Amino acid sequence: MLPLLLRRLRPRQLRALPQRRYAGSAWAVRTVDLRSDTVTRPSPAMRAAMAAAQVGYDIFEEDPTVNELQRRAAELFGMEETLFVPSGTMANLISVMCHCPERGAELIVGDQAHIHLCEQGGVAQIAGIHSRVVKNLPDGTFDLNEVESKIRHSSGTHCPRTSVICLENTQNFTGGRVPPLSFLQEARALADRYGLPIHMDGARLMNAAIALDVKASEILRLCDSVSVCLNKGLGSPIGCLIGGRKEFINQAIRVRRVLGGLMRQAGVLAAAGLISLSDMVERLRDDHRNTRKFAQGVQAFSSSICDIDINAVETNIIMFPVNDPRISAKEFCDKMAEVTEEEVTAMGCGVQVLLHHMYDCKVRAVWHLDVSEEDTDLALWKLQYVIEKVNQK
């Protein structure tokens, strides 16, 4: 029996959707893409702004659109200056290299950090920087006593010297968790005791600011540098901003060039970034609300198969294990993405929900501006359908 919320969703409106062929039949199929918030497409307003953007030679700091983006971002982040770069991975690498001016330096980073897991070990591969990891706790933080035990400032010749502590906010692989300000304050105090800078991988920093209901600058006042993605939930097709002090940004410009991140008439990209900062931040609340709604559905419909902690759902990401001998996490994702004739007969349409099988038994789902509340309801509908099929085995 469909819950009342989902019964109201019998999608009369979907019958008017253009028909497309799927699995050999002409069916109306709605795709809900929850693999990542990097799949977003630029809005019509972004496309128009990009087409009309004023441009100039960015190397000489003459691109007015880039300059305006960097000015606005510095104001929003509470940083002296910012620098526009192509990607978050490049932004993190540039930042770490600026904090670690010599090869063989060391950074301290969480074992679940994006810098550590998903950037090809670039800090080691390209910059010759050693990573020393500490265990991320379930809330995205880590034990600062463990951090302190791993700081190395020895003047001897045997060990690397710690040069920077890297944080992540939101913490992707713990499910979009938001480290509390109290943790950041304690990390700042620890770093100050040892004269170390803090770099914040803030790919989804604006999600954190919305979740904490504070300005981004309130979080970043505790950091020496930051990288913030303009894509993901903010919807730009490309781009990231590095923030820090003037001397830091001057060095970052040099490192950006040697890494191949030099941009020339980049205003066509920066124009989308301006809309990200002006129009896309507050709407992140919609993503958070839809994420929580889906999580509640997972808990209600499939608690015996998909275990989820509602209290851990803080932003636009949920991570949940599939713990059932009848279906693996990979099979679960495949069934959510599959559209069959039987489903169309039962539901009146086809709903394809794309999820990301992370590793082992874990599944990740991420909300973004291309996933509406209606899409979320349809994803819940498909979830219940799949779970009922599993329970019939």
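On a predicted model such as this, the values are computed, not experimentally measured, just so you know.

Next up on the list: the overall build of the chain. Helix and strand counts for the chain stand at 16 helices and 14 strands. On C-alpha atoms alone, the chain measures out to a radius of gyration of 23 Å, which is about the 21 Å that the 2.2 N^0.38 rule sets for 393 residues. With the C-alpha coordinates of the chain rotated into their principal frame, the extents come out at 70 × 50 × 35 Å. The buried share among the 393 residues of the chain stands at 56%. Counting contacts in the chain only where the partners sit at least 6 residues apart, residues at least 24 apart contribute 74% of the total. A total of about 17,200 Å² of accessible surface is found on the chain, and carbon and sulfur atoms cover 50% of it. Distance from the positive charge centre (45 side chains) to the negative charge centre (47 side chains) of the chain: 4 Å.

For the rest of this paragraph, the subject is the pairing of strand β11 (residues 317-321). Taken across its five residues, β11 has five buried, putting it largely inside the fold. Taking every second residue as pointing to the same face, both faces of β11 are buried, with I317, M319 and P321 on one and I318 and F320 on the other. Relative to strand β14 (residues 362-366), β11 runs antiparallel, the two being bridged by five bridges. Bridge pairing in β14 links P321 to K362.

Further remarks concern the packing of aromatic side chains. Counting across every chain of the model gives four aromatic pairs. The interplanar angle of 80° and the centroid separation of 5.6 Å between the aromatic rings of F142 and F183 together place this pair among those described as edge-to-face. Taken as a pair, F142 in the loop between β6 (130-134) and α7 (144-150) and F183 in helix α8 (residues 181-193) lie far apart in primary sequence, 41 residues in all. Across this residue pair, the class does not change: F142 and F183 are buried.

Along a regular strand, successive side chains alternate from one face of the sheet to the other. Both faces of strand β8 (residues 198-201) are covered, namely the face carrying I198 and M200 and the face carrying H199 and D201. Judged from the four bridges that link them, strand β7 (residues 162-168) and β8 form a sheet pairing that is parallel. Residue pairing across strands places I165 opposite I198, the latter belonging to β8. With three bridges connecting them, β8 and strand β9 (residues 225-229) associate as parallel partners. Bridge assignment links D201 to a residue of β9, and that residue is S227.

Below, the discussion takes up the sheet that holds β14. Taken together, the three strands give an open sheet; going across it, the order is β11-β14-β13, and neighbouring strands pair in antiparallel fashion. In this open sheet, the two edge strands, each paired with only one partner strand, are β11 and β13 (356-357).

Note on sheets: strands pair through backbone hydrogen bonds, and any given pair is parallel or antiparallel. One open sheet holds the seven strands; their spatial order is β4-β10-β9-β8-β7-β5-β6, and the pairing between them is mixed. Strand pairing shows two members of the sheet lacking a second neighbour, β4 (81-85) and β6, which therefore form its edges. Averaged over all adjacent pairs, the angle separating strand axes in this sheet is 20°, with direction ignored. Inspection of the sheet shows β9 paired to strand β10 (residues 240-244) by four bridges, in the antiparallel sense. Bridge pairing in β10 links V228 to L241. Sheet strands in contact with helix α3 (residues 64-77) are β4, β9 and β10, and its direction is about 130° off that of β4. Sitting on the sheet, helix α11 (residues 246-258) is in contact with β4, β9 and β10, with an inclination near 15° to β4.

The next subject is the state of the cysteines. Across all of its chains, the model carries zero disulfides by this definition. Sulfur of C361: no disulfide; nearest cysteine sulfur belongs to C306 and is 9.9 Å away. For C361, a relative accessible area of 26% gives the class partly exposed.

Moving on to the packing of helix α2 (residues 44-52) against helix α12 (residues 267-279). Packing of α2 against α12 brings their axes to within 8 Å, and their N-to-C directions diverge by 140°. Compared by their axis directions, α2 and α12 come out oblique. Crossing hand, α2 versus α12: right-handed. Here A45, M46, A49 and M50 of α2 lie close against α12, whose contacting residues are V268, L269, A271, A272, I275 and S276. Class assignment for the residues of the contact of α2 with α12 results in nine nonpolar, one polar and no charged.

So, on to helix α9 (residues 205-212). Most of α9 sits out of view: six of its eight residues are buried. The inward-facing, buried residues of α9 contact α3, β8, α10 (216-220), β9 and α13 (284-302). Positive phi shows up at D213, right after α9, with a value of about 60°.

Relative to the elements of secondary structure, T315 occurs in the loop between α13 and β11. Classification of T315 as buried rests on a relative accessible area of 0%. A sequence separation of 139 residues divides T315 from G176, and the C-alpha atoms of the two residues are 5.7 Å apart. Discounting residues that sit within four places of it in the chain, T315 has contacts with T170, G176, V178, N207, A211, D287, H288 and T291.

The next thing to look at is the confidence of the model for the chain. Predicted coordinates in areas of low pLDDT are best not read in detail. Predicted confidence across the chain gives a mean pLDDT of 91, with 93% of residues reaching 70 or more. Across residues 1-24 the pLDDT falls below 50, and counting only partners more than four positions away or on other chains, this stretch makes 50 contacts in the model.

Criteria and thresholds
- Residues numbered from 1 in each chain as written.
- Predicted model: local features only at pLDDT ≥ 70, side-chain atom pairs only at ≥ 80, totals over all residues.
- Heavy atoms only, no water.
- Helix = DSSP H or I, 4+ residues; strand = E, 2+ residues; numbered from the N terminus.
- Rg over C-alpha atoms; globule rule 2.2 N^0.38 Å.
- Buried < 20%, exposed > 50% of the residue type's maximum accessible area, 1.4 Å probe, protein only.
- Contact = heavy atoms within 4.5 Å.
- Areas by Shrake-Rupley, 256 points an atom, 1.4 Å probe, with all protein chains shown as cover.
- Lys, Arg positive; Asp, Glu negative; His and termini not counted.
- Charge placed at Lys NZ, Arg CZ, Asp CG, Glu CD.
- Pairing = 2+ DSSP bridges.
- Phe/Tyr/Trp six-rings, centres within 6.5 Å; stacked < 30°, edge-to-face > 60°.
- Axes fitted to C-alpha atoms, helices over the stretch in contact; angles between N-to-C directions.
- Disulfide = S-S within 2.5 Å.
- Parallel < 35°, antiparallel > 145°, perpendicular 65-115°, else oblique.
- Left-handed = near helix turned anticlockwise from the far one by under 90°.
- Nonpolar A, V, L, I, M, F, W, Y, C, P; charged D, E, K, R; others polar.
- pLDDT = per-residue confidence, 0-100.

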